Amino acid sequence: MRTITLIIVHCSAVRPDQTSSAAQIDTWHRKDNHWKLGIGYHYVVRRDGEIESGRPEWMVGAHCLNHNAHSIGVCYEGGLDIRGQPADTRTEAQKKALRWLLQQLRRSYPRAMIVGHHDLNPDKDCPCILDVIREYADLQPK
């Protein structure tokens, strides 16, 4: 079993008129990155609040340089406004589902910090303008 110290939140960086299901992201990662294992995230939270599985939790993800071995990657659909600019586009259903998923993951990994991708790789604009540490401060390890 891997030792999980981080739960890393990402956005799929798509506009409101675009979709990004786990299956679509799997296709993108296989095609664009030439990854045989496909999707680099463990979970994808859709706009309607559906939580889709990506890589199994026991498998190392491919979502955050230098942190994959000890993390779980969670991606929410969206992150860009209609003009393609970074925005918090999460729906209420998505916010609720994302919080629920993060609570479940914290139960499984009680010492894991919840962070945004840009907190670990500052050159990334992911998740788009969302301050993950502040938003989920109440879920952080004590």
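Refer to the structure presented above.
First, a word on what this report is: a plain description of the structure on this page. (Residues numbered from 1 in each chain as written. Predicted model: local features only at pLDDT ≥ 70, side-chain atom pairs only at ≥ 80, totals over all residues. Heavy atoms only, no water.)

**What about the overall build of the protein?**
Along the protein, the regular secondary structure elements total four helices and five strands. Mapped in sequence order, the helices and strands of the protein form the string β-α-β-β-β-α-β-α-α. By the compact-globule yardstick of 14 Å for 142 residues, the protein fits well, its C-alpha radius of gyration being 14 Å. If you line up the protein on its principal axes, its C-alpha atoms span 40 × 35 × 30 Å. (Helix = DSSP H or I, 4+ residues; strand = E, 2+ residues; numbered from the N terminus. Rg over C-alpha atoms; globule rule 2.2 N^0.38 Å.)

**Re the nonpolar core**
Burial of nonpolar side chains together is a common tendency in soluble globular proteins. One finds Val 74, Leu 102, Leu 105 and Ile 114 to be the most contacted residues of the largest nonpolar core, which totals 24 residues. Among the secondary structure elements, those contributing two or more residues to this core are β1 (6–11), β2 (43–45), β4 (71–76) and α2 (92–108). Here this core gets five residues from one element, more than from any other, and that element is α2. Among residues more than four places away in sequence, those in contact with Leu 105 are Ile 7, Tyr 43, Glu 57, Ile 72 and Val 74. (Core = buried A, V, L, I, M, F, W, Y, C linked by side-chain atoms within 4.5 Å. Buried < 20%, exposed > 50% of the residue type's maximum accessible area, 1.4 Å probe, protein only. Contact = heavy atoms within 4.5 Å.)

**Quick notes on unusual backbone geometry**
Despite not being glycine, Ala 13 has its phi angle at roughly 55°, a positive value. Along the chain, Ala 13 turns up in the loop between β1 and α1 (22–33). Given the relative accessible area of 39%, Ala 13 is considered partly exposed.

**Overview of the environment of Ala 13**
Along the chain, Ala 13 and Cys 128 lie 115 residues apart, while their C-alpha atoms are 7.3 Å from each other. Once residues lying within four places of it in the same chain are set aside, the contact partners of Ala 13 are Gly 78 and Leu 80.

**Observations concerning the sheet that holds β2**
Backbone hydrogen bonds are what pair the strands of a sheet, in a parallel or an antiparallel way. Pairing is mixed across the open sheet formed by five strands, whose spatial order is β3-β2-β4-β1-β5. At either end of the open sheet lies a strand with only one pairing partner, and these are β3 (51–53) and β5 (113–116). On average, adjacent strands in this sheet sit at an angle of 25° to one another, irrespective of strand direction. Sheet analysis places β1 next to β4, joined by six bridges and oriented parallel. Across the sheet, Leu 6 pairs through a bridge with Ser 71, a residue of β4. (Pairing = 2+ DSSP bridges. Axes fitted to C-alpha atoms, helices over the stretch in contact; angles between N-to-C directions.)

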